[in-house]
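Observations on the model geometry
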Amino acid sequence: MIAEQLKLEIQQTEQSRIHEIDFDNIIFGRQFSDHMFIMEYKDGAWHSPTIKPYGNLSMSPASSVMHYGQAIFEGMKAYKNANGEVLLFRYMDNIKRFNRSAERMCMPAVPEDIFEEALKELVKLDRSWIPAKDGSALYIRPFMFSTDAYIGVKPSDTYKFMIFTCPVDQYYGKPVKVKMEMEFSRAVEGGTGAAKAAGNYAASLYPARMAQQQGYDQLVWTDAKEHKYIEESGTMNIMFVQGNQLLTPSLSGTILSGITRDSVLTIARDWGLEVKEAPIAVADVIDALEAGAIDDAFGTGTAATIAHIKSIGYNGKDYELPEVANRTFSNKVAAYLEGLKKGREEDKFGWVSQIG
């Protein structure tokens, strides 16, 4: 529970905006639920946890986040089962990762009990915004940013921690066409690649846009030193299937530790696949593609869950993957995760929590 000295205040909206959304035609990340959570950090402590109607913020033009980029975030989802009960998937893992990101970005940790209670109360309050159909969910966005009105390079003394939610449909409506990125880098050793920091995503936009202008949907990032090893695909972890083996790059300081990634690897081991977490050379993937030895390739992440990769571009040539309909593992694991999150599958791993 929230500590007694930090009593959660709830200010409910007088007029819901839920009538504004067409749940059969949801635009990802564009329509936001009725309420948001906000809490302030100052004088070395967190203050005034409040759920209030969703609305704009007022900030000083000198707020340090806009100049020096101290900002982190998380992404998770809420679902409903057949009885209308609200379910969360591995939310404590998101909370712990959020605080790891905070430490790397020299920001204060959010007490886990405060984070958890605020999250649950917010989702319960806006539970009517949770879409029912498969592939859809209520996306939850916790984030923190620095607020000092000070132009000077140093960690801020003040912060805002917030959570808002929005109903979403599938992130990718079709299999994606990706390109090996052999010039630009998403993250470097010793950098912030393992943190969910806003600046990581800003740095990716320019090379991603150039790839999109060439007809690709996303990039496959490679290591910054030599561009010899695969790291991530767009904003997702990446996986390959060869026979009974599931391969994914091993985690390092340049790769985000994905919760969907870990879920898929755990399920694969449970199903008897050989899971290999190790450096994956670009050259080895291209050789395997040329030999027709890769049965499946996909990205994993909260937004997309499983994003099938249609083709991989490298050195001016596109290598096609097997038809999605004929892929065994990615289709099976996508359906299993959807069923698990919506209460249709047995929760043998203890990942699903019912609230309210």
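Below or above, wherever it landed, is the structure these notes cover. (Residues numbered from 1 in each chain as written. Predicted model: local features only at pLDDT ≥ 70, side-chain atom pairs only at ≥ 80, totals over all residues. Heavy atoms only, no water.)

**Let's talk about the pairing of strand β17 (residues 317-320)**
In this structure, strand β16 (residues 305-314) lies alongside β17, joined through four bridges in antiparallel fashion. Residue Ile-312 lies in a different strand from β17, and its bridge partner there is Tyr-319. In textbook terms, the turn of a hairpin is the stretch between consecutive antiparallel strands, and for β16 and β17 this stretch comprises two residues, one of which, Asn-315, has a positive phi near 55°. (Pairing = 2+ DSSP bridges. Helix = DSSP H or I, 4+ residues; strand = E, 2+ residues; numbered from the N terminus.)

**Focus: the side chain of Gln-245**
Examined against the element boundaries, Gln-245 turns out to sit in strand β13 (residues 245-248). Reaching out from Gln-245, the side chain makes a polar contact with the side chain of Glu-274 at a distance of 3.0 Å. Beyond its immediate stretch of four places on either side in the chain, Gln-245 contacts Phe-240, Glu-274 and Lys-276. (Polar contact = N/O pair within 3.5 Å; in protein donor to acceptor, adjacent residues only side chain to side chain. Contact = heavy atoms within 4.5 Å.)

**Overview of the packing of helix α2 (residues 91-104) against helix α3 (residues 112-125)**
Interhelical geometry of α2 versus α3 gives an angle of 130° and a closest axis separation of 11 Å. Regarding the angle of α2 to α3, the classification is oblique. Remark: the crossing between α2 and α3 carries right-handed chirality. Here α2 contributes Tyr-91, Met-92, Ile-95, Lys-96, Phe-98 and Asn-99 to the contact with α3, which in turn contributes Glu-112, Phe-115, Glu-116, Leu-119 and Lys-120. Looking at the contact of α2 with α3 residue by residue, the class counts come to six nonpolar, one polar and four charged. (Axes fitted to C-alpha atoms, helices over the stretch in contact; angles between N-to-C directions. Parallel < 35°, antiparallel > 145°, perpendicular 65-115°, else oblique. Left-handed = near helix turned anticlockwise from the far one by under 90°. Nonpolar A, V, L, I, M, F, W, Y, C, P; charged D, E, K, R; others polar.)

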